[in-house]
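Secondary and tertiary structure notes
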Amino acid sequence: MIIKKIHIYGFGKFVDYKQELTSDINVFYGENEAGKSTIFSFIHAMLFGFPAKNQTTASYEPSGSSRYGGKLVIELPEI
């Protein structure tokens, strides 16, 4: 599976964030608190499910946006 595009409607500090991934290897880098772990948590939530309201895991609900979630565009290998 290859992730081609990330579109975050609202997740943590990101609102309407779009990123197109263009190669086999992509590196997210930046200062502390730039959002690298938040992007990783978004991808994890999209693949394995968002935490339920009653779980103690951080849900990353956006503070200023009513939309929560996003989408991933993926490419699957031919079988």
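Throughout what follows, the structure given in this document is the object of discussion. (Residues numbered from 1 in each chain as written. Predicted model: local features only at pLDDT ≥ 70, side-chain atom pairs only at ≥ 80, totals over all residues. Heavy atoms only, no water.)

1. Brief notes about the packing of aromatic side chains
Summed over all chains, the structure comprises six aromatic pairs. Ring geometry for Phe11 against Phe42: centres 5.5 Å apart, planes inclined by 70 degrees, an arrangement best described as edge-to-face. Linking Phe11 in strand E1 (residues 2-11) with Phe42 in helix H1 (residues 36-48), this pair joins segments that are 31 residues apart in sequence. Accessibility expressed as a relative area gives 0% for Phe42, which makes it buried. For the ring pair Phe11 and Tyr60, a centre distance of 4.9 Å and an interplane angle of 20 degrees mean the geometry is stacked. One end of the pair, Phe11, is in strand E1; the other, Tyr60, is in the loop between H1 and strand E3 (69-75), and 49 residues separate them in sequence. Here Phe11 falls in the buried class, since its relative accessible area comes to 2%. Of the aromatic side chains, those joined through ring pairs into one cluster are Phe11, Phe42, Phe50, Tyr60 and Tyr68. For the cation-ring pair, Arg67 lies above Tyr9, with the distance from its terminal atom to the ring centre recorded as 4.0 Å. (Phe/Tyr/Trp six-rings, centres within 6.5 Å; stacked < 30°, edge-to-face > 60°. Helix = DSSP H or I, 4+ residues; strand = E, 2+ residues; numbered from the N terminus. Buried < 20%, exposed > 50% of the residue type's maximum accessible area, 1.4 Å probe, protein only. Lys NZ or Arg CZ within 6 Å of the ring centre and 35° of its normal.)

2. With respect to the pairing of strand E2 (residues 14-20)
Two strands pair when backbone bridges link them, and E1 and E2 are joined in this way by six bridges, in the antiparallel orientation. Across the sheet, the residue bridging to Lys5 is Glu20, located in E2. Between E1 and the antiparallel strand that follows it, E2, lie two residues; Gly12 among them carries a positive phi value of about 60 degrees. (Pairing = 2+ DSSP bridges.)

3. A closer look at the pattern of salt bridges
For the structure shown, the criterion picks out one salt bridge. Residue Glu75 pairs with Lys4 through a salt bridge whose shortest N-O separation is 3.6 Å. Of this pair, Glu75 sits in strand E3 while Lys4 sits in strand E1, placing them 71 residues apart in sequence. For Glu75, a relative accessible area of 38% translates into the label partly exposed. The class of Lys4 is partly exposed, set by a relative accessible area of 31%. (Salt bridge = Lys/Arg side-chain N within 4 Å of Asp/Glu carboxyl O.)

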